[in-house]
Amino acid sequence: MLLPILCFPDPKLHKVAKPVAVVDDRIKTLVANMLETMYDAKGIGLAATQVDVHERVIVIDVSEERDEPLVLINPELVWTSPETHLNEEGCLSVPGIYDGVQRFDAVHVRAQDLTGTARVIEADELLAVCIQHEMDHLMGKVFVEYLSPLKRDRIKKKMIKAQREEAQQ
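Criteria and thresholds
Residues numbered from 1 in each chain as written. Predicted model: local features only at pLDDT ≥ 70, side-chain atom pairs only at ≥ 80, totals over all residues. Heavy atoms only, no water. Helix = DSSP H or I, 4+ residues; strand = E, 2+ residues; numbered from the N terminus. Rg over C-alpha atoms; globule rule 2.2 N^0.38 Å. Buried < 20%, exposed > 50% of the residue type's maximum accessible area, 1.4 Å probe, protein only. Contact = heavy atoms within 4.5 Å. Areas by Shrake-Rupley, 256 points an atom, 1.4 Å probe, with all protein chains shown as cover. Lys, Arg positive; Asp, Glu negative; His and termini not counted. Charge placed at Lys NZ, Arg CZ, Asp CG, Glu CD. Pairing = 2+ DSSP bridges. Patch = residues over 30% accessible without salt bridge, like charges linked within 9 Å, V, L, I, M, F, W, Y side chains within 5 Å. Salt bridge = Lys/Arg side-chain N within 4 Å of Asp/Glu carboxyl O. Phe/Tyr/Trp six-rings, centres within 6.5 Å; stacked < 30°, edge-to-face > 60°. Lys NZ or Arg CZ within 6 Å of the ring centre and 35° of its normal. Expected span 1.5 Å × (residues − 1). Polar contact = N/O pair within 3.5 Å; in protein donor to acceptor, adjacent residues only side chain to side chain. Axes fitted to C-alpha atoms, helices over the stretch in contact; angles between N-to-C directions.

Participant: Looking at this model, I keep getting lost on the overall build of the chain. Mind explaining?
Facilitator: Across its full length, the chain carries three helices and seven strands. Whereas a compact globule of 169 residues would reach a radius of gyration of roughly 15 Å, the chain reaches 16 Å, a difference of no more than 12%. By residue count, 44% of the 169 residues in the chain fall in the buried class. Of the contacts formed within the chain by residues at least 6 apart in sequence, a portion of 65% connects residues at least 24 apart. Carbon and sulfur atoms form 54% of the exposed surface of the chain, whose accessible area is close to 9,100 Å². Side-chain charges in the chain split into 20 positive and 28 negative, and the spacing between the mean points of these groups amounts to 10 Å.

As structure tokens, this is what we get:
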């Protein structure tokens, strides 16, 4: 089932997600719906916060064929590389906007999978960027908050105008 994606500057995007207590059928259904929503929206990552579910669940697929979904439940960064670089990022909650964000080159993240098993994922390149971006959502942070107040304000006005125009159609 496709889920509606919250758009910036919706205040619900700033809610901090709570840990998932148990990986049960409800969470498995949420993950399936999030994956369907992410693929339909042509995204590479989606945090539960973006679909107005404030629990620590992320889905990601950075594969070329879009057939290698990664599910991270209760993710936590356990290591970050000393090196960082500026990446061009976009977001399903801020459609059509892309800008540079400084991210760690590599990360290790501990998370549960769909069976509830804890594992550590070592990520670099696009996967590392995507994990950091989605984990920010779980903390109530949208990537535009890394930008200057002027840029952020401009994006906010543009998003509000687009939402107003869409509502009038």
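Participant: Explain the pairing of strand β4 (residues 84–91) to me, please; I cannot follow it from the model alone.
Facilitator: Note on strand geometry: in a regular strand, side chains alternate between the two faces of the sheet. One ladder, built from seven bridges, connects β4 with strand β5 (residues 94–104); its direction is antiparallel. Counted as the bridge partner of N87 is V101 from β5.

Participant: Which parts of the structure should I look at to understand a negative patch on the surface?
Facilitator: On the surface, a cluster of negative charge is contributed by E64, E65, D67 and E68. On the secondary structure map, D67 appears in the loop between β2 (57–60) and β3 (70–80). On the basis of relative accessible area, D67 is assigned to the partly exposed category, the value being 48%.

Participant: Would you explain the side chain of H137 in this entry?
Facilitator: As for its position among the elements, H137 is in helix α2 (residues 125–138). On the accessibility criterion, H137 (0% relative accessible area) is buried. Every residue in contact with H137, bar those within four places of it in the chain, is listed here: L13, K15, A47, T49, Q50, C91 and V142.

Participant: Looking at this structure, how should I read the side chain of H133?
Facilitator: Structurally, H133 is set in helix α2. Classification of H133 as buried rests on a relative accessible area of 6%. Setting aside its immediate chain neighbours within four residues, H133 contacts E89, G90, C91, R103 and F143.

Participant: Would you explain the pattern of salt bridges in this entry?
Facilitator: Once the charged atoms of two side chains with opposite charge are near each other, the side chains can pair. Counted according to the given criterion, the structure contains eight salt bridges. For E76, the salt bridge identified is with R110, shortest N-O distance 3.6 Å. Of this pair, E76 sits in strand β3 while R110 is found in strand β6 (residues 106–112), placing the two residues 34 residues apart along the sequence. For E76, a relative accessible area of 40% puts it in the partly exposed group. The closest approach of N and O atoms between R103 and E89, which form a salt bridge, is 2.7 Å.

Participant: What is the right way to look at the packing of aromatic side chains in this model?
Facilitator: Aromatic rings in a pair are described by how distant their centres are and how their planes are angled relative to each other. For the structure on display, the rule yields zero aromatic pairs. Of note, K141 hangs over the ring of Y146, and the distance from its end group to the ring centre comes to 4.0 Å.

Participant: Help me out: how do you make sense of helix α1 (residues 25–40) in this one?
Facilitator: Think of an α-helix as 3.6 residues a turn; residues three or four steps apart then line up on the same face. Over its 16 residues, α1 runs 22 Å from end to end, which matches the ideal 22 Å to within 8%, given 1.5 Å per residue. Here α1 has its buried residues at I27, L30, V31, N33, M34, L35, T37 and M38. Tucked inside the fold, the buried residues of α1 contact β1 (45–47), β2 and β3. The backbone nitrogen of R26 lies 3.2 Å from a side-chain oxygen of the residue at the head of α1, namely D24.

Participant: Teacher, can you tell me more about the sheet that holds β3 here?
Facilitator: What links the strands of a sheet is backbone hydrogen bonding, and the strands pair in either a parallel or an antiparallel sense. Pairing in this open sheet of five strands is antiparallel, and the strands run β1-β2-β3-β6-β7 from one edge to the other. In the strand order of this sheet, the two ends are held by β1 and β7 (118–124), each with one partner. Geometrically, the sheet is characterised by an average inter-axis angle of 40 degrees between neighbouring strands, direction not taken into account. Where β6 lies against β7, seven bridges are found, and the strand directions are antiparallel. Bridge pairing links R110 to V120 in β7. Sitting on the sheet, α1 touches β1, β2 and β3, and the angle it makes with β2 is about 40 degrees. Strands β1, β2, β3, β6 and β7 of the sheet are contacted by α2, whose axis makes an angle of about 150 degrees with β2.

By themselves these figures say nothing about function.
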